[in-house]
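# Survey of secondary and tertiary structure
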Amino acid sequence: MEALDTLILSRIQFAANISFHILFPTITIALGWVLLFFRIRFTQTGDDKWMAAYRFWVKIFALSFAMGVVSGITMSFQFGTNWPGFMETVGNIAGPLLAYEVLTAFFLEAVFVGIMLFGFSRVPRWLHTLATGLVAFGTTVSAFWIIVLNSWMHTPQGFEMIDGVAHATSWWEIIFNPSMPYRFAHMLMASFLTVGFLIAGVSAFRWVLGDRSREVRSMLKTGVLIGAVLIPLQILAGDKHGLNTLEYQPAKVAAMEGNWDTQPNVPLLLFALPDEETRENRFEIGIPNVASLILTHSFDGEVPGLNDFVAEDGTALHPPVLPVFWSFRVMVGTGVAMLLLSWSAVWFMWRRRNRHQGRSNAHRLAVEGLPKVLVWAMVPMAFSGWVATLAGWYTTEIGRQPWLVQGVMTTEMAVADVPSPMVLGTLLTYLAVYAALLSAYIGVIIYMARKAAAGEPQTPNTPFANDNVMTAAE
Amino acid sequence: MPDFSNPADWLPWAFASLMGLSILIYVVLDGFDLGVGLLFPMADRIEQDRMIGSIGPFWDANETWLVLAVGLLLVAFPTAHGVILSTLYLPVFVMLIGLILRGVAFEFRAKARDHHKALWNRLFFVGSLMTALSQGFMLGLYIMGLEKTLATYAFACLTAVSLAVGYSFIGSTWLIHKTEGALQLKAVTWARRSLWGAVIGVFAVSAATPLVSDRIFGKWFAFPEILWLAPLPLLSVSVLVLLWRLLQRMPMQDDRQNWLPFLMSTALFVMAYLGLAYSFYPYVVPEKLTIYAAAAAPESLWIILVGALCVVPVIIAYSVMAYFIFRGKATDLRYE
């Protein structure tokens with residue numbers, strides 16, 4: 001019983017740590033590129049509004065980056081403190097991938113981030129732009145290696161087991177494992193959507209507070225456009241990812257759909273409470289045949305059922321159904337809300353477009369065209385990307401259970417033999433610290449938005465003042 | 001020395017060296033910025049901003065060496081990673097919470113409302129203290145062979161305190177280099193007062209290590225090894241004496257030699273570290289697991305080595321560049 005307690009507590013602790021951690025890379029991966037965009041627009045146009053946007057968001061980048069670094073360090077220790085079995089069994093595969101993450105990316109970010117944040121007045125302008133670009137590139141490469149490892153845990157290949165330890169046979173097969181391309185595309189777009197809605201939401205908040213500055217307009221439009229362009233692509237990528245999962249992890253798809261028996265004509269469930277005791281759904285509301293259509297592209301296609309994944313003795317070899325079922329719905333629901341919001345916002349801004357200005361599209365969209373209710377709706381949607389990202393990760397990670405590495409080792413095999421009260425103690429402390437930090441983080445973003453909206457002079461910033469002087473002198 | 005014709009023999013050795021190097025670089029680099037955090041409560045608000053300015057561009061990259069070190073332990077010696085970290089579960093946890101608090105306080109203090117700034121300043125200190133103490137504690141337990149008895153805990157507490165004071169010492173020598181005026185004068189005083197931490201730390205560790213295991217005792221006090229090992233302790237003592245005399249004369253006219261105390265304290269850390277490395281080699285878990293028994297499969301180590309050889313020189317080059325760009329006296333950090 002104690003082993004089970006330690007297992008559950010260790011899992012919750014790891015989930016809490018990685019959930020907290022993923023919030024910040026999700027922001028920094030895409031925000032790095034958006035900052036590069038602001039920086040390049042400023043160089044091209046010389047318009048101060050782009051620099052104002054850069055200045056505002058680089059602070060949030062710095063804060064998110066620090067949160068990501070410190071919570072990431074925690075992750076690398078947790079492998080040893082709570083999950084020694086993982087590296088003992090698949091260390092020969094996971095090790096090099098983690099090493100490449102640290103080597104190629106972490107250092108690139110950590111070193112150039114100093115120049116990006118503090119180096120304006122100390123380095124030439126091209127080097128500062130380059131540093132911004134390298135930081136963005138670094139965060140993306142970092143994400144690539146982590147996604148490779150994570151995907152390999154879902155769809156392992158390119159290895160052989162010798163005496164219970166995995167040995168690599170083909171690194172090409174390990175890196176380009178079947179689910180990696182889908183997962184990587186899905187995660188990158190999730191990051192851009194998170195940042196798009198964050199920028200739109202914070203700008204909408206400033207707009208609500210009466211800030212009518214040019215940078216707020218440009219930022220809001222940038223955010224909305226990122227969302228409007230990417231959300232259909234993301235839905236498409238999600239669909240492809242789902243089909244890939246159906247092929248390699250059918251039990252996960254069965255849990256996502258809440259489908260107990262392998263059968264044709266499976267409905268898309270909008271609501272249900274899956275019950276593993278009775279092995280059926282309660283309060284089921286669904287649209288007939290649509291799950292079959294989505295998964296097999298045919299109305300009467302056969303969808304795998306959870307009852308196929310039960311051992312002889314009755315133990316479930318499929319993931320816990322309720323959390324997978326519902327986190328999947330939260331993710332999809334958030335995605336639909338993102339689609340409605342961003343497309344209607346673009347439509348309203350397009351309707352009130354300014355016909356007298358130049359031909360550039362960005363100038364044509366008029367923020368004034370947005371109905372008040374839509375601007376208000378954008379504010380809470382600032383963090384919709386986080387909700388969807390976490391829900392998506394819960395779907396895929398809980399959906400992998402009881403496996404740690406699909407078909408190779410179970411989660412239970414990896415856990416450390418640490419007394420459960422100790423794990424409980426550390427878990428509660430982590431949760432308290434994370435809750436405090438998260439509220440501080442959100443509080444600071446709100447405070448910064450209020451301060452910017454009130455037009456209070458920002459802390460004097462010599463570097464950019466220098467930059468402008470240089471522009472004037474040229 | 002390892003047999004370079006046999007990868008299963010020299011690869012673990014190469015990775016142990018690389019990991020050892022990362023830990024050393026981490027201890028010196030994060031040592032000085034942790035030390036600056038420990039000295040925080042002794043400075044006034046304007047000086048605190050300047051102290052933050054002296055470490056701001058570096059702390060991220062400094063901490064990354066810890067990630068590299070523990071990463072190398074994880075990927076090259078997976079078994080040892082599990083044994084060491086699950087034994088040190090609680091101190092590792094305290095250190096992580098400390099690192100978290102310190103890292104985020106760094107950013108939050110610059111952005112929060114004024115009346116919250118004092119809170120973040122305090123958390124910056126508390127985080128630095130938790131980190132330094134827990135690292136010292138882990139060092140002590142490691143030296144004691146990861147045994148958990150009352151005596152080993154007492155020794156670990158001693159090393160915890162002396163490492164924290166030692167970090168304050170190297171932090172103040174960094175401030176002597178990076179600051180001027182009243183703050184620099186304060187830093188000189190702090191350095192004089194914290195030198196004892198370095199002294200006690202070095203002596204306690206040097207005295208205890210050989211007594212813990214006959215194997216280590218034999219390594220140090222056998223003839224003729226003792227002849228070529230003798231310079232290490234002798235050199236350490238001379239550097240300590242020189243540092244003490246130098247600090248009495250600091251700061252000098254025209255700020256001459258302001259970099260010398262930091263350089264000498266770095267030398268002190270390096271020598272103490274080399275002594276430890278010599279004692280424990282070839283064990284990665286003291287007296288239980290050698291680097292050869294704990295190493296990952298050679299084919300995986302190869303892959304990592306190729307990456308490391310491409311990337312580590314670049315990392316070192318642009319770390320040097322970053323230190324060069326932000327050379328000279330610290331100014332208040334501005335990116336707002």
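Above: the structure in question.
Residues numbered from 1 in each chain as written. Chains lettered and ligands numbered in written order. Predicted model: local features only at pLDDT ≥ 70, side-chain atom pairs only at ≥ 80, totals over all residues. Heavy atoms only, no water.

### As for the overall build of chain B
Along its length, chain B carries 14 helices and two strands. Taking 336 residues into account, the globule formula puts the C-alpha radius of gyration at 20 Å, and chain B, at 20 Å, falls close to it. Dimensions of chain B, computed from the C-alpha atoms along their principal axes, are close to 55 × 40 × 40 Å. Scored against the burial criterion, the 336 residues of chain B give a buried share of 58%. Contacts spanning at least 24 positions in sequence make up 77% of the contacts within chain B whose residues lie at least 6 apart. Counting only carbon and sulfur atoms, one obtains 72% of the accessible surface of chain B, whose full area is about 13400 Å². When the 22 basic and 21 acidic side-chain charges of chain B are each reduced to a single mean position, those positions are 9 Å apart. (Helix = DSSP H or I, 4+ residues; strand = E, 2+ residues; numbered from the N terminus. Rg over C-alpha atoms; globule rule 2.2 N^0.38 Å. Buried < 20%, exposed > 50% of the residue type's maximum accessible area, 1.4 Å probe, protein only. Contact = heavy atoms within 4.5 Å. Areas by Shrake-Rupley, 256 points an atom, 1.4 Å probe, with all protein chains shown as cover. Lys, Arg positive; Asp, Glu negative; His and termini not counted. Charge placed at Lys NZ, Arg CZ, Asp CG, Glu CD.)

### Thoughts on the overall build of chain A
Counting its secondary structure elements, chain A contains 16 helices and six strands. Since a compact globule built from 474 residues should have a radius of gyration of about 23 Å, the 24 Å found for chain A is in line with a globular shape. Once the C-alpha set of chain A is aligned to its principal axes, its extents read approximately 80 × 50 × 40 Å. Residues classed as buried in chain A amount to 59% of the 474 residues present.

### Brief notes about empty space enclosed by the protein
Counted under the stated rule, the structure contains seven cavities of 30 Å³ or more. Its boundaries defined by the atoms lining it, the largest cavity holds a volume of some 80 Å³. Counting residues per element, the ones that place at least two in the lining of the largest cavity are α2 (48-82) and α3 (84-118) of chain A together with α3 (59-76) and α5 (89-111) of chain B. With five residues, the top contributor of residues to the lining of the largest cavity is α3(A). (1 Å grid on protein atoms, 1.4 Å probe; cavity = no way out; pocket = protein on both sides within 12 Å on 5 of 7 lines; lining within 4 Å. Points joined across faces, edges and corners; volume = space filled by probe spheres on them.)

### What about the interface of chain B and chain A?
Accessible area lost when the parts come together is the quantity often used to give the size of an interface. Contact residues are listed per partner, giving 62 residues for chain B and 68 residues for chain A. Taken together, both faces of the contact between chain B and chain A bury some 6000 Å²; the carbon and sulfur share is 78%. Our enumeration of links across chain B and chain A arrives at zero salt bridges. Run the count over chain B and chain A and you get eight residue pairs in polar contact (both at pLDDT 80 or more). Of all elements in the fold, only α3, α4 (78-87), α5 and α14 (298-325) of chain B reach the threshold of two or more residues within the side of chain B that touches chain A. Counting residues per element, the side of chain B that touches chain A draws most heavily on α14(B), at 15 residues. (Buried area = accessible area lost by both parts, 1.4 Å probe. Salt bridge = Lys/Arg side-chain N within 4 Å of Asp/Glu carboxyl O. Polar contact = N/O pair within 3.5 Å; in protein donor to acceptor, adjacent residues only side chain to side chain.)

### Thoughts on unusual backbone geometry
Looking along the chain, the bond that leaves Gln401(A) and enters Pro402(A) is cis, with omega of 0 degrees. Residue position: Pro402(A) is located in the loop between α13 (384-398) and β5 (403-405). Look at the link from Tyr281(B) to Pro282(B): it is a cis peptide, with omega at 5 degrees. Residues other than glycine seldom take positive phi values, yet Asp163(A) does so here, at roughly 50 degrees. With respect to the element layout, Asp163(A) can be found in the loop between β1 (159-162) and β2 (165-168). A positive phi angle, close to 60 degrees, is found at Leu146(B), a residue other than glycine. Within the element layout of this structure, Leu146(B) appears in the loop between α6 (114-143) and α7 (150-178). Given a relative accessible area of 10%, Leu146(B) falls into the buried group.

### Digging into the packing of aromatic side chains
In total, this model carries 35 aromatic pairs over all chains according to the counting rule given. Taking the centre distance of 5.1 Å and the plane angle of 40 degrees together, the rings of Phe383(A) and Trp386(A) count as tilted. Using a relative accessible area of 7% as the deciding quantity, one classes Trp386(A) as buried. When the ring of Phe108(B) is compared with that of Trp120(B), the centres are 4.4 Å apart and the planes differ by 15 degrees; the resulting orientation is stacked. Of this pair, Phe108(B) sits in helix α5 while Trp120(B) sits in helix α6; the two residues are twelve residues apart in sequence, bridging distant segments of the chain. Accessibility expressed as a relative area gives 0% for Phe108(B), which makes it buried. In textbook terms, an aromatic cluster arises when at least three aromatic residues are bridged by ring pairs, as seen for Phe20(A), Phe24(A), Phe383(A), Trp386(A), Tyr430(A), Tyr434(A), Tyr441(A) and Phe93(B). Taking NZ or CZ as reference, Arg206(A) lies 4.8 Å from the ring centre of Phe56(A), over its face. The ring of Trp207(A) has Arg212(A) sitting right over it, with the charged end atom 3.9 Å from the ring centre. (Phe/Tyr/Trp six-rings, centres within 6.5 Å; stacked < 30°, edge-to-face > 60°. Lys NZ or Arg CZ within 6 Å of the ring centre and 35° of its normal.)

### Concerning the pairing of strand β4 (residues 280-287) of chain A
Residue and element names in this part refer to chain A. Relative to β4, strand β3 (residues 268-275) runs antiparallel, the two being bridged by six bridges. Within β4, the residue paired with Phe271 across the bridge is Ile285. Connecting β3 to the next strand, β4, in antiparallel fashion are four residues, including Arg279 with a positive phi near 55 degrees. (Pairing = 2+ DSSP bridges.)

### Comments concerning a nonpolar patch on the surface
Residues and elements named next belong to chain B. Where nonpolar side chains cluster on the molecular surface, the patch consists of Leu129, Leu133, Leu158, Val161, Trp196 and Ile200 and spans about 470 Å² of accessible area. Elements supplying a minimum of two residues to the nonpolar patch: α6, α7 and α8 (181-212). Within the secondary structure, Leu129 is located in helix α6. Classification of Leu129 by relative accessible area gives partly exposed; the value is 30%. (Patch = residues over 30% accessible without salt bridge, like charges linked within 9 Å, V, L, I, M, F, W, Y side chains within 5 Å.)

### Describing the environment of Ala452(A)
As for its placement among the helices and strands, Ala452(A) is situated in helix α15 (residues 420-453). Separated by 241 residues in sequence, Ala452(A) and Asp211(A) place their C-alpha atoms 8.2 Å apart.

### Points about the packing of α8(B) against helix α11 (residues 231-248) of chain B
Residues and elements named next belong to chain B. Where α8 meets α11, the closest approach of the two axes is 10 Å, and the angle between their N-to-C directions is 170 degrees. Of the possible angle classes, the one that applies to α8 and α11 is roughly antiparallel. In this structure, the crossing between α8 and α11 has a hand that is left-handed. Facing α8, whose interface residues are Val188, Ala191, Arg192, Leu195, Val199 and Phe203, α11 presents Val237, Leu240, Leu243, Trp244, Leu247 and Gln248. Each residue belonging to the contact of α8 with α11 can be placed in one class, and the counts come to ten nonpolar, one polar and one charged. (Axes fitted to C-alpha atoms, helices over the stretch in contact; angles between N-to-C directions. Parallel < 35°, antiparallel > 145°, perpendicular 65-115°, else oblique. Left-handed = near helix turned anticlockwise from the far one by under 90°. Nonpolar A, V, L, I, M, F, W, Y, C, P; charged D, E, K, R; others polar.)

### Quick word on the environment of Ser64(A)
Residues and elements named next belong to chain A. Looking at the element boundaries, Ser64 is found in helix α2. Judged by its relative accessible area of 1%, Ser64 is buried. The spatial distance from the C-alpha of Ser64 to the C-alpha of Ile27 is 7.0 Å, given a sequence separation of 37 residues. If sequence neighbours within four positions are ignored, Ser64 has contacts with Phe24, Ile27, Thr28 and Tyr441.

### Observations regarding the nonpolar core
Counting residues in hydrophobic clusters, the biggest one holds 240 residues, and the most contacted among them are Leu31(A), Trp57(A), Phe86(A), Leu370(A), Tyr441(A), Phe77(B) and Phe108(B). Here this core gets 20 residues from one element, more than from any other, and that element is α2(A). Excluding residues within four positions of it along the chain, Phe86(A) makes contact with Phe79(A), Gly91(A), Ala94(A), Met153(A), Leu404(A), Val405(A), Met409(A) and Ala414(A). If you look at the next biggest cluster of nonpolar residues, it comprises nine residues, including Met256(A), Val321(A), Phe328(A) and Ile398(A). (Core = buried A, V, L, I, M, F, W, Y, C linked by side-chain atoms within 4.5 Å.)

### Here's the deal with the pattern of salt bridges
Summed over all chains, the structure comprises eleven salt bridges over all chains. Of the charged contacts, one joins Asp47(A) and Arg214(A) as a salt bridge, the two residues approaching to 2.7 Å between their closest N and O atoms. In this pair, Asp47(A) sits in the loop between α1 (2-45) and α2 while Arg214(A) sits in helix α7 (residues 214-248), placing the two residues 167 residues apart along the sequence. Take Arg214(A): its relative accessible area is 48%, and that puts it in the partly exposed class. Here Glu147(B) and Lys288(B) are joined by a salt bridge, their closest N and O atoms 3.7 Å apart.

In short, the description is geometric, and any link to function would need to be established separately.
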